[in-house]
Amino acid sequence: MTRTKPAVLVLNTGSSSIKFSLICLQDRAVLISGQAQKLGLKDASLTVKINGGSEVLKLGTADHAAAMEKILQAIDIHRLSGRVSAVGHRVVHGGEKFREAVIINEEVIRAIEQCVPFAPLHNPADLMGIAAARRSVPHLPHVAVFDTAFHQTLPEYAYLYAVPKRLYRDYGVRRYGFHGTSHRYVTQEAARLLGIKLENSAFISAHLGNGASAAAVLNGKSVDTTMGLTPLEGLVMGTRSGDIDPGMLPYIAESLKMTIKEVINLLNTKSGLLGVSELSSDVRELQEAAAGGHAGAVLALDVFAHRLAKYIGALTVSLPRVDALIFTGGIGENSALVRAKVLRRLGVLGYRLDSAANQAMAAGKQGLITTDQSTRAMVINTNEELMIALDTATLL
Ligand code: ADP
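Residues numbered from 1 in each chain as written. Predicted model: local features only at pLDDT ≥ 70, side-chain atom pairs only at ≥ 80, totals over all residues. Heavy atoms only, no water.

Caption draft 1: Geometry of the packing of aromatic side chains. Applying the stated criterion across every chain, the model contains 3 aromatic pairs. Ring geometry for Phe98 against Phe146: centres 4.3 Å apart, planes inclined by 5 degrees, an arrangement best described as stacked. Of the two residues, Phe98 is situated in the loop between β6 (84–91) and β7 (102–103) and Phe146 in strand β8 (residues 142–146); the sequence distance between them amounts to 48 residues. With respect to burial, Phe98 and Phe146 carry one shared label: buried. Arg174 extends its terminal NZ or CZ atom over the ring of Tyr159, reaching a point 3.7 Å from the ring centre. (Phe/Tyr/Trp six-rings, centres within 6.5 Å; stacked < 30°, edge-to-face > 60°. Helix = DSSP H or I, 4+ residues; strand = E, 2+ residues; numbered from the N terminus. Buried < 20%, exposed > 50% of the residue type's maximum accessible area, 1.4 Å probe, protein only. Lys NZ or Arg CZ within 6 Å of the ring centre and 35° of its normal.)

Spelled out as structure tokens, the structure:
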């Protein structure tokens, strides 16, 4: 065991899962990674990936704390515990308190607790992960890296909703934005690839995974974004509706005899691509079905692309020019079809798809997908774990 090449253990905790990766700070290599799944259920498991191979361990009814112990055991078995110099935790909502990453102490925990109403699914899980990891490795520094922090540079006119100002002053009702770690990483990477200075750059970043958001990023700072008080606003997502008319809420509640909470659950879990296609929330599955003539799948992909193109137009207003539109996340990086559908709608803004380059953008590749005459659009592979590791290291 050696401490000469320190590494950061990055943790991303969900309500029934913990994703982990141990990242070497010197060469940015992932030393070991994996995921504990179905925590709290009967058949929890832990997948561990190392040296190109993977193994699955059964964890029975393990909870987050038990899974964390198993993750640390796996790191130990592979003789890597001596390398772990800190733990970086992804935290979804940091409210207005956190503009950047912080070392976790009791005050930080209380602040994350205060943001639970804004991210009722995510923040309690993040707190469980933090508690389990601090219990297991109390001697290490623990750092919180917030999804919301990057968007704290939004100007007031972009983050305020047009509702009585008292709701902001007294209850914190404003647009916070999410996926900040990804938007920050891909805009830095795009500037590097294009050979332009981040401090003099203008990007639109579209992070398209199961959750999806886009942001306008000027000179390395977020100036507008599509997600709001909660991660439900904005783009169409796998199972989330994105924007709706709030007037719909009482109408749905009355029609389906639901409470507001149940309606919100419907908008979070039964809507988006799944709701429109009546088939699947998964773009890969929808693409296959669309190719076979499934009308619902075709429509869902068009609704998705239309909303995204509309928002790219809207975000352009916050920038003096566009150095590049960035596609990232599972869909942005892998779906040539979605990228083509979006860019074909954006001709008015000068985007011209290079179909060959778009099709050739296979998994793991990144670069431009537009012609020389076009406003640039490109694919960048996001790496939120690396960004969290680097942020964590900065604080040590
Ligand atoms: P999460 O937000 O959960 O991290 P991801 O970023 O992994 O999600 O994105 C998942 C989405 O990416 C799914 O809709 C999936 O179908 C899509 N996706 C992944 N690979 C491909 C592919 N090769 N072609 C089309 N879509 C893909």
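There's more to say after this.
Caption draft 2: How the structure looks around the sheet that holds strand β12 (residues 324–328). Taken in spatial order, the 6 strands make up an open sheet running β11-β10-β9-β12-β14-β13, and their pairing is mixed. Of all strands in the sheet, those with a lone pairing partner are β11 (221–225) and β13 (367–368), marking the two edges. Here β13 pairs with strand β14 (residues 377–379) via 2 bridges, running antiparallel. Within β14, the position partnered with Gly367 by the bridge is Val379. In this fold helix α6 (residues 180–194) packs onto β9 (202–208), β10 (212–218), β12, β13 and β14, with an angle of close to 130 degrees to the strand it touches most, β9. (Pairing = 2+ DSSP bridges. Contact = heavy atoms within 4.5 Å. Axes fitted to C-alpha atoms, helices over the stretch in contact; angles between N-to-C directions.)

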